[in-house]
Amino acid sequence: TMAGLIKNQILKHLSKFAKNVSSDSVNVSTLKGEGELSNLELNETVLTDLLELPTWLRITRALVNRVSLKIQWTKLKSVPIVVSLDEVQVEMETCTELRCQGGQSVLPSYSSGGRYGFSDKVIDGMTVTVNSVLITFRSPAFHATFQLSRIVLDSKNPFWQKADLRTTRLKDVERGELLIFKELSWQTLRIEARSSRDQTLTPLRLITNQARCRITIKKKLADCSVVGCRLVLLMDDVLWVLTDSQLTATFHFIDSLSDLIRQATQQSQKTKAIRKLESLPEFQAQQAQQVRGSSTQQHGASVSSSARPPPPQSNIAKAFNKYDVAETSYHFYSERIDLHFCDDPGPGRSSHPDLSSGAVLQVAICQLEMDFYPYHLAAGDRGHWIKYCVECGPALWAQAALAQFKTLLTDTLNSSRSTHTPLARAPPHTLHDAPYQTPGGRPGPGPGEGGGGAQSTPLKNVVAAQLRK
């Protein structure tokens, strides 16, 4: 039956993400285009790969109590599939040793690796809504909980407006790349952390209002691999009240994770630096040249083709270049952040008479913007950076730092070179080869060095013949 076929397709795809999926747990209404699943246990490995978690963190368990699907069969190209989750519980913990990244492949474990097709369009265009998410985080130093409510992951057009699904993608066939625009939003976020070592430290709490995250993903059409991503986090006004003990606990929590984060950063930078170098035009040109060969005719053809002016760009290419993700980057913007630092009651307060009953320090940060390009080459072009010019302070600092690095590298290479003595005949190693002493006390020529040696005359004749030629 039609319902059975749909069930099989749903089970085929969900089996990559869930562990305990069976035909009994899937209820499908063929005519209405609706389906429902209950009590799903997600695959921790695939979920970790899907979320691209850092290697110092792993998911130990993930449960979903109810999942509902809504599919409009006749409008799959223009209307997204809606996946609604009720409650999600995730348990995470830090790793004593960094997880293996599994090589340098950019293809996730759930990807087929084939060319970008209709099924990939449907999956990339899905809308996901979650009523509530509870994340429990455990580390040797502290335990934390993250509660998010009313989460929506939706497709947007390049202007970040809700539109027809076909306008939420930009494809350039000539470049073989695709841009996907997604927006993740949530209503509230509540964070609470407690120390597991020092019970006297006050728990750390933070509640934020509505926020949204705009994500632009660039993929290759050939194998659906992700080339780059731009992530922009937009926060509403944030108010955070911290007491003295809470501030101390914050520093303890950060210090407990600093070593793991540093090791994971170094590990990921090595892998992604290789991907960065392989994506450069110089590397691509070198690979293409090796494929074509190095014959004279091919070289002349390449020179003549490179001398021709480039053809005019189409409207699709212009739009793609306008919203293109030149490299992976992360951005943060907040209109206003208010931080209140308060004294704790009891001992430890200031001895100043005016502060004996306690004090409060208020810090207001307006229109905070942060841009992070983690995999940018030191000598690469920064023209695509947001609000960046070549005459600003950071640009001059980067140029000075790069010039200093080149100087230090040159000095290091020069100092490590060994000084070679002029080439000369090795000293004699046996008594038979030792030169004899002349009557004047000076060493005479050894065998083969002239002076009557058996091999001196033929050797001179050979050298003289070579010089005459």
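Residues numbered from 1 in each chain as written. Predicted model: local features only at pLDDT ≥ 70, side-chain atom pairs only at ≥ 80, totals over all residues. Heavy atoms only, no water.

A. Spotlight on the overall build of the chain. A count of helical and extended segments in the chain gives nine helices and 15 strands. Sequence separation of 24 or more characterises 67% of the internal contacts of the chain that already satisfy a separation of 6 or more. Counting only carbon and sulfur atoms, one obtains 57% of the accessible surface of the chain, whose full area is about 30,700 Å². (Helix = DSSP H or I, 4+ residues; strand = E, 2+ residues; numbered from the N terminus. Contact = heavy atoms within 4.5 Å. Areas by Shrake-Rupley, 256 points an atom, 1.4 Å probe, with all protein chains shown as cover.)

B. Broad picture of the side chain of T250. Here T250 is to be found in helix α4 (residues 244-278). A relative accessible area of 13% means that T250 is categorised as buried. When residues no more than four places from it in sequence are discounted, the contact partners of T250 are L204 and L242. (Buried < 20%, exposed > 50% of the residue type's maximum accessible area, 1.4 Å probe, protein only.)

C. Just a nonpolar patch on the surface, in detail. A contiguous nonpolar surface patch, about 300 Å² in accessible area, is contributed by F405, L409 and L413. As for its position among the elements, L413 is in helix α8 (residues 393-416). Under the relative-accessibility criterion, L413 is labelled partly exposed at 46%. (Patch = residues over 30% accessible without salt bridge, like charges linked within 9 Å, V, L, I, M, F, W, Y side chains within 5 Å. Salt bridge = Lys/Arg side-chain N within 4 Å of Asp/Glu carboxyl O.)

D. A look at the pattern of salt bridges. Considering all chains together, one arrives at 15 salt bridges under this definition. Here E177 and K218 are joined by a salt bridge, their closest N and O atoms 3.8 Å apart. Here E177, found in strand β8 (residues 177-186), pairs with K218, found in strand β11 (residues 211-220); they are 41 residues apart in sequence, far enough to count as distant. A single burial state applies to E177 and to K218, both of which are buried. Two residues, R336 and D338, come together in a salt bridge whose shortest N-O distance is 3.1 Å. Exposure remark for R336: the relative accessible area of 30% places this residue in the partly exposed category. Taking relative accessible area as the criterion, D338 reaches 15% and is therefore assigned buried.

E. How the structure looks around the packing of aromatic side chains. For the structure on display, the rule yields eight aromatic pairs. Judged by centre distance (6.3 Å) and plane angle (80°), the rings of F159 and Y323 are edge-to-face. Of this pair, F159 sits in the loop between β6 (142-155) and β7 (169-172) while Y323 sits in the loop between α7 (315-322) and β14 (329-342), and the two are 164 residues apart along the sequence. Taking the relative accessible area as the measure of exposure, F159 reaches 58% and is therefore exposed. Site record: aromatic cluster; members linked through ring pairs are F159, W160, F181 and Y323. (Phe/Tyr/Trp six-rings, centres within 6.5 Å; stacked < 30°, edge-to-face > 60°.)

F. Up close: a positive patch on the surface. On the surface, K77, R115, K121 and K171 cluster together into a positively charged patch. Summarising the element assignment, K171 is placed in strand β7. (Lys, Arg positive; Asp, Glu negative; His and termini not counted. Charge placed at Lys NZ, Arg CZ, Asp CG, Glu CD.)

G. Broad picture of the confidence of the model for the chain. In the predicted model, the chain carries a mean pLDDT of 77, and 71% of its residues have values of at least 70. Element-level mean pLDDT values for the chain span from 46 in helix α6 (residues 296-307) up to 94 in β8. pLDDT under 50 marks residues 294-307. Its contacts with residues more than four places away, or in other chains, come to three contacts. Contacts for the low-pLDDT stretch residues 446-456, under 50 throughout, to residues beyond four places or in other chains number nine contacts. (pLDDT = per-residue confidence, 0-100.)

H. Layout of the pairing of strand β3 (residues 57-70). By the bridge criterion, seven bridges tie strand β2 (residues 34-41) to β3 in an arrangement that is antiparallel. The partner of E34 across the bridge, within β3, is K70. In the sheet, β3 pairs with strand β4 (residues 82-94) via eleven bridges, with the strands oriented antiparallel. Bridge pairing in β4 places A62 opposite V90. (Pairing = 2+ DSSP bridges.)

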